[in-house]
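Read off the chains here:
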Amino acid sequence: MARSEYYSNSKASAIVLAISCLIVAASAGSFYDEMDITFGGERAKILNGGQDLSLSLDQYSGSGFQSKNEYLFGRFDMQLKLVPGNSAGTVTTFYLSSQGAGHDEIDFEFLGNSTGNPYTIHTNVYSQGKGDKEQQFHLWFDPTAAFHTYTIVWNAQRIIFLIDNIPIRVFNNHESAGVPFPKSQPMRVYASLWNADDWATQGGRIKTDWTKAPFIASYRKFNANANKVSPNSKSTSSENENQAWSTQGLDAAGRNRIRWVQNKHMIYNYCNDYSRFPNGLPVECTRSRFL
């Protein structure tokens, strides 16, 4: 965030004030300024002067949006309130992705369920077009009753998935062991609500109940503290290089929290799926406790 005038002999308090103002401005970013609706037409609605965005799904179409900017590394926060009631068959998403063959992608997907049964939080990491690194969780709260903050931290060393600032997953850079890691392709932020009743709920056994449509998911308080990529030169802005996300890992408290989440709330981990990998687990599964 540094600008040349901040390095004059001005008082430290002026620097703090200026930085604080920039942080406030970022956290209050408007969906009108930050996002483009990509499909669904009027099913995607920007509300409250740009502060909120709702996506809806009916039997004809879902809806979605994407960021106007591309990014190469950063911290991405979004508050979501998921589809309430019988959400079976629906998938709500918040993710980063590049485009084209061999794309990179970092996923939060929220798989709906029948009334009274929990959502499944599905995470995955793609690099050079290959994923197959799924972890799934059940939440320790009702994600339809109120907004909660979902965060992706992406730096050159690791990717961290957080919910309400509690880490649930870390995917470390193991390129030295031959594991591809997303670090060179700029990505946009995407979000969507769509029908996937062929697989999303209990393996596709429970279908979408269209009598409950439209299904609605709500988004607010998007913030990208990240390196924007110039659309022409593909160079990155350096204004955020010294922010905490660029070297963020897990401290002792974070390690305790992720142990709790993974011990109590994880329902699937590809690194434990020996039947899926009969010739041996992926290399990274033997390198890191927290994936």
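Residues numbered from 1 in each chain as written. Predicted model: local features only at pLDDT ≥ 70, side-chain atom pairs only at ≥ 80, totals over all residues. Heavy atoms only, no water.

Turning to the state of the cysteines, a few remarks are in order. Summed over all chains, the structure comprises 1 disulfide. Here Cys-271 pairs with Cys-285 through a disulfide, and the sulfurs are 1.9 Å apart. Its S-S torsion of approximately -75 degrees makes the covalent link between Cys-271 and Cys-285 left-handed. Remark: Cys-285 occurs in the segment after strand E15 (266-269) and Cys-271 occurs in the segment after E15; sequence separation between them is 14 residues. Cys-271 gets classed as buried once you look at its relative accessible area, which sits at 6%. (Disulfide = S-S within 2.5 Å. Helix = DSSP H or I, 4+ residues; strand = E, 2+ residues; numbered from the N terminus. Buried < 20%, exposed > 50% of the residue type's maximum accessible area, 1.4 Å probe, protein only.)

Inspection of every chain in the model, using the stated rule, returns 8 salt bridges. Note that Lys-130 and Asp-132 form a salt bridge whose closest N and O atoms lie 3.3 Å from each other. For the salt bridge of Glu-175 with Lys-183, the shortest nitrogen-to-oxygen distance reads 3.0 Å. Using a relative accessible area of 40% as the deciding quantity, one classes Lys-183 as partly exposed. Where salt bridges share partners, they join Lys-130, Asp-132, Glu-134 and Arg-276 into one cluster. (Salt bridge = Lys/Arg side-chain N within 4 Å of Asp/Glu carboxyl O.)

So, on to the sheet that holds strand E10 (residues 148-154). The strand order across the open sheet formed by 7 strands is E2-E3-E14-E5-E10-E11-E12, and the pairing between neighbours is antiparallel. The sheet is open, and its two borders are formed by strand E2 (44-47) and strand E12 (166-172), each paired with just one other strand. Taken pair by pair, the neighbouring strands of this sheet meet at an average axis angle of 20 degrees, ignoring direction. Relative to strand E11 (residues 158-163), E10 runs antiparallel, the two sharing 5 bridges. Bridge pairing links Val-153 to Ile-160 in E11. (Pairing = 2+ DSSP bridges. Axes fitted to C-alpha atoms, helices over the stretch in contact; angles between N-to-C directions.)

A word on the sheet that holds strand E6 (residues 90-97). Read from one edge of the open sheet, 8 strands run E1-E4-E13-E6-E7-E8-E9-E15, paired in antiparallel fashion. Whereas interior strands pair on both sides, the edge strands pair on one side only; in this sheet they are strand E1 (35-39) and E15. Across the sheet, the mean angle separating the axes of adjacent strands is 15 degrees when strand polarity is ignored.

Let's shift gears to the environment of Arg-257. Looking at the secondary structure, you find Arg-257 in helix H3 (residues 252-264). The exposure class assigned to Arg-257 is partly exposed, which follows from its relative accessible area of 44%. Taking the C-alpha atoms as reference points, Arg-257 and Asn-165, 92 residues apart in sequence, are found 10.0 Å from one another. Among residues more than four places away in sequence, those in contact with Arg-257 are Asn-165, Ile-166 and Pro-167. (Contact = heavy atoms within 4.5 Å.)

This model, assessed by the stated rule, comprises 15 aromatic pairs. Ring plane angle 85 degrees and centroid distance 5.4 Å describe the contact between Phe-108 and Phe-161, whose orientation is recorded as edge-to-face. Linking Phe-108 in strand E7 (residues 105-111) with Phe-161 in strand E11, this pair joins segments that are 53 residues apart in sequence. Phe-161 matches Phe-108 in its accessibility class, with the two residues each being buried. (Phe/Tyr/Trp six-rings, centres within 6.5 Å; stacked < 30°, edge-to-face > 60°.)

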